[in-house]
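The primary structure of each chain is shown beneath.
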Amino acid sequence: MMPNFKLGQILKTESMQLSDEEEDYNLSLSKFESMLKTNKVLFFDSEEFEEIILHYLDTGKAALAKKALKLALDQHPKSTGLKLVQVEMLVYDDKLDIAEKLLNELYAIEPHNEEIYIQKANIYSKRDQHEKAVELLKIALQYTDDYADVYNLIGMEYLFMDNLEAAKESFIKCLEEDPEDQSALYNVVYCYEFLDQNNEAITFLDEYIEKNPYSEIAWHQKGRLHYGLKDYENAIRAFEYATLIDDEFLGAFMEKAKALERLGKYDEAIENYNRTIELEDATSYALLRIGKCYEKLGNKVLALKFYNETVHEDPLLDKGWIAITDFYLREQNFQKALFFVNKALAIDNQNRLYWKRYASINKQMNFFEEAEFGYRKAVEFGDTELDTWLFWVDILQFLGEFESAIHTLLQAGDYYPEENEIEYRLTGLYFMIHDDRKAKIHLSNALRLNFDNYILIEDLFPVVWEKKMVQNYIEKHNKQ
């Protein structure tokens, strides 16, 4: 059952006061850094040292972490906790054999310490022995109080093994222990999606939301899944809940805008794209989509304004230049369209779609050599659409390059072996170079494939059409 949200009812409050633990932690850190500056040796208990070392590791300050560890072991040489931190640092430095030896020593002292099994599993994982890592983590489950963390680690090992089903089950168990573990929630959804179980994922999220109705991450993921299934109405509803829970959830506003755009609700889509700009500096993507929405609404002035803002924000965004190109193409302003498609090609000169636009624009402007070059480049970069081949060939024919046109059509025939438009063109071109034998073969093929389309010969090859031989051949075929 979905919660009955109302705008303004959901307020997120954060305490402005640090907890006692946080204050103690900050004092320990300040005290340690002060000690380093003065070279005075001060005493810290082993837990303080552990927190200090892990802080430096988490912030990427490995040298400080090692310095803290050395001082810690000098003061607490028998501390299992510090030795386990030492193991973690050895593993981080890929000194696996030394780490393993130290773990074996610790195991002899504390065989029921779950952290020993976790670190041993980490070593096996580093060696790509993930099945062995899982075995050790399952032993750790017998001794740990933090089931969620161990299930999460097991799930990651199964991911390494590409066992998505087992990984999914482990991450679900992690969430059962700790419903607020966001990484596990993301990983569960990832597994469902990878297994192409989007509907099952939605069912899982519905059950999760039933127990955790204020999880904006769950609502957002549910929206994403509905969007992927093209269920835009339910996607919008889910994104709406996510933004009500967290009115600064930029990703949810962006996804909601995309879904609204899909439903043709362009005004509402613009509102949500604008909300993302309010939350963060304008992104070229949001500006581009706003421009597209305004163009769909028929507001050409604002559409062009936002397209221009897009390329101003990110001059290297080829899609921005192409949006302006297409805008001017629709306006049949081919001069400006050519200018902007060249901007896009300067950024990505291997994009077949851009080359096809370039060719089409030049063709409209009667720049046939440039158009031929554009179609050639489009094919070179992977455009195998039939119309691209035919546009290219027709321009080659217009330029009198009959041999090149034939060669190109034979290439196209590899992709479209039974295409009458190719056969009719080959007919005309072979007649143009006076190879009547091949011309008749292709004419026979063309008439067999689509008799009524022989009008192509008249349209494209009027000189060939006037040949008595061609007229007789078509008439003879019609009587069969």
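Since the model is a prediction, treat every value here as computed from it, not as a measurement.

J.: Account for the overall build of the chain, naming residues and giving values.
T.: Scanning the chain for helices and strands turns up 28 helices and zero strands. Per-residue burial for the chain yields a buried fraction of 45% across its 480 residues. Sequence separation of 24 or more characterises 49% of the internal contacts of the chain that already satisfy a separation of 6 or more. Summed over all atoms, the accessible surface of the chain reaches about 26400 Å², with 48% contributed by carbon and sulfur.

J.: Tell me about the pattern of salt bridges, and name the residues and values.
T.: Tallied over the entire structure, the rule returns 20 salt bridges. Among the ionic pairs, Glu240 bridges to Lys256, the shortest N-O distance being 2.3 Å. Here the residue Glu240 occupies a position in helix H13 (residues 232-245), and Lys256 occupies one in helix H14 (residues 250-262), the gap between them amounting to 16 residues. Across the pair Lys305 and Glu309 runs a salt bridge, and its minimum N-O distance is 2.6 Å.

J.: Before we move on, can you summarise unusual backbone geometry with the specific residues and values?
T.: Positive phi values are uncommon outside glycine, yet Gln332 reaches one of about 60 degrees. Mapped onto the fold, Gln332 is located in the loop between helix H18 (318-330) and helix H19 (334-347). In this structure Gln332 comes out as exposed when scored by relative accessible area, which is 60%. With a phi close to 65 degrees, His434 is a non-glycine residue in the positive phi region. Relative to the assigned elements, His434 resides in the loop between helix H24 (420-432) and helix H25 (436-449).

J.: Go over the confidence of the model for the chain with me, naming the residues and quoting the values.
T.: Segments scoring low in pLDDT should not have their predicted coordinates read at a detailed level. Looking at the chain, the pLDDT average stands at 88 and 89% of residues meet or exceed 70. Scored below 50 in pLDDT, residues 5-18 shows 16 contacts in the model against residues more than four places distant or in partner chains.

J.: Describe the UniProt feature "repeat: TPR" (unreviewed entry) in the chain, with residues and values.
T.: The feature "repeat: TPR" (unreviewed entry), as given by UniProt, occupies residues 148-181, 216-249, 250-283 and 284-317 in the numbering adopted here. What you have in residues 284-317 is 79% helix and 0% strand, and the ends, taken at the C-alpha atoms, are 8 Å apart.

J.: Explain the packing of helix H21 (residues 368-380) against helix H22 (residues 386-398) residue by residue, including any values.
T.: H22 packs onto H21 with a crossing angle of 145 degrees between their chain directions and a minimal axis gap of 9 Å. The two elements H21 and H22 cross, and the hand of that crossing is left-handed. Facing Phe368, Ala371, Glu372, Tyr375, Arg376, Ala378 and Val379 of H21, the residues of H22 in contact are Thr388, Trp389, Phe391, Trp392, Ile395, Leu396 and Phe398. In terms of residue class, the contact of H21 with H22 is made up of eleven nonpolar, one polar and two charged.

J.: So what about H21? Which residues, and what values?
T.: Along an α-helix, residues three or four apart share an orientation, since each turn contains 3.6 residues. For H21, spanning 13 residues, the distance from its first C-alpha to its last is 18 Å, which sits close to the expected 18 Å at 1.5 Å a residue. Within the sequence span of H21, burial applies to Ala371, Glu372, Gly374, Tyr375, Lys377, Ala378 and Val379.

J.: Pulling in residues and values, what's your account of the layout of surface pockets?
T.: Estimates place the volume of the largest pocket at around 440 Å³. Surrounding the largest pocket, 19 residues form its lining, Glu88, Ile118, Gln119, Asn122 and Leu153 being those nearest its centre. Elements that contribute at least two residues to the lining of the largest pocket include exactly helix H4 (80-92), helix H6 (114-126) and helix H8 (147-160). The leading source of residues in the lining of the largest pocket is H6, at seven residues. When grouped by side-chain class, the residues that make up the lining of the largest pocket number ten nonpolar, four polar and five charged.

J.: So what's going on with the side chain of Ser170? Residues and values would help.
T.: Take Ser170: it is sitting in helix H9 (residues 164-177). Ignoring any residue separated from it by four or fewer positions in sequence, one finds Ser170 in contact with Tyr151, Ile154, Gly155 and Tyr158.

J.: Please set out the packing of helix H5 (residues 96-109) against H6 residue by residue, giving values where relevant.
T.: Closest axis-to-axis distance for the H5/H6 pair is 10 Å, and the angle between their directions is 155 degrees. Accordingly, the angle class assigned to the pair H5 and H6 is roughly antiparallel. In this structure, the crossing between H5 and H6 has a hand that is left-handed. Seen from H5, the contacting residues are Leu96, Ala99, Glu100, Leu103, Asn104, Leu106 and Tyr107; seen from H6, they are Ile116, Tyr117, Gln119, Lys120, Ile123, Tyr124 and Lys126. By residue class, the composition of the contact of H5 with H6 is nine nonpolar, two polar and three charged.

J.: Can you break down H14 residue by residue, with the values?
T.: An ideal rise of 1.5 Å per residue puts 18 Å on 13 residues; H14 measures up with 19 Å between its terminal C-alpha atoms. Among all positions in H14, only Ala252, Phe253, Met254, Glu255, Lys256, Ala257, Ala259, Leu260 and Glu261 are buried. Where the residues of H14 are buried, they touch helix H12 (216-228), H13, helix H15 (266-279) and helix H16 (284-296). At the C-terminal side of H14, Gly264 shows a positive phi close to 75 degrees.

J.: Got a sec to walk through the environment of Ala133? Specific residues and values, please.
T.: Among the structural elements, Ala133 can be located in helix H7 (residues 130-143). By relative accessible area, Ala133 is classed as buried at 0%. Sequence separation between Ala133 and Ile123 is ten residues, and the spatial gap between their C-alpha atoms is 7.9 Å.

J.: For the packing of aromatic side chains, give the residues involved together with the corresponding values.
T.: Applying the stated rule across the entire model yields 20 aromatic pairs. When the centroid spacing of 5.3 Å and the interplanar angle of 65 degrees are considered together, the rings of Tyr227 and Tyr232 count as edge-to-face. When its relative accessible area of 16% is taken as the criterion, Tyr227 is described as buried. An aromatic cluster of at least three residues, connected via ring pairs, comprises Tyr307, Trp321, Phe327, Tyr328, Phe339 and Phe340. The ring of Tyr227 carries the charged tip of Lys258 above its face, separated from the ring centre by 5.5 Å. A cation sits over an aromatic face here: Lys305 above Phe306, 4.5 Å from the ring centre.

Parameters at a glance
Residues numbered from 1 in each chain as written. Predicted model: local features only at pLDDT ≥ 70, side-chain atom pairs only at ≥ 80, totals over all residues. Heavy atoms only, no water. Helix = DSSP H or I, 4+ residues; strand = E, 2+ residues; numbered from the N terminus. Buried < 20%, exposed > 50% of the residue type's maximum accessible area, 1.4 Å probe, protein only. Contact = heavy atoms within 4.5 Å. Areas by Shrake-Rupley, 256 points an atom, 1.4 Å probe, with all protein chains shown as cover. Salt bridge = Lys/Arg side-chain N within 4 Å of Asp/Glu carboxyl O. pLDDT = per-residue confidence, 0-100. UniProt positions renumbered as here; feature names shortened; annotations may be inferred. Axes fitted to C-alpha atoms, helices over the stretch in contact; angles between N-to-C directions. Left-handed = near helix turned anticlockwise from the far one by under 90°. Nonpolar A, V, L, I, M, F, W, Y, C, P; charged D, E, K, R; others polar. Expected span 1.5 Å × (residues − 1). 1 Å grid on protein atoms, 1.4 Å probe; cavity = no way out; pocket = protein on both sides within 12 Å on 5 of 7 lines; lining within 4 Å. Points joined across faces, edges and corners; volume = space filled by probe spheres on them. Parallel < 35°, antiparallel > 145°, perpendicular 65-115°, else oblique. Phe/Tyr/Trp six-rings, centres within 6.5 Å; stacked < 30°, edge-to-face > 60°. Lys NZ or Arg CZ within 6 Å of the ring centre and 35° of its normal.

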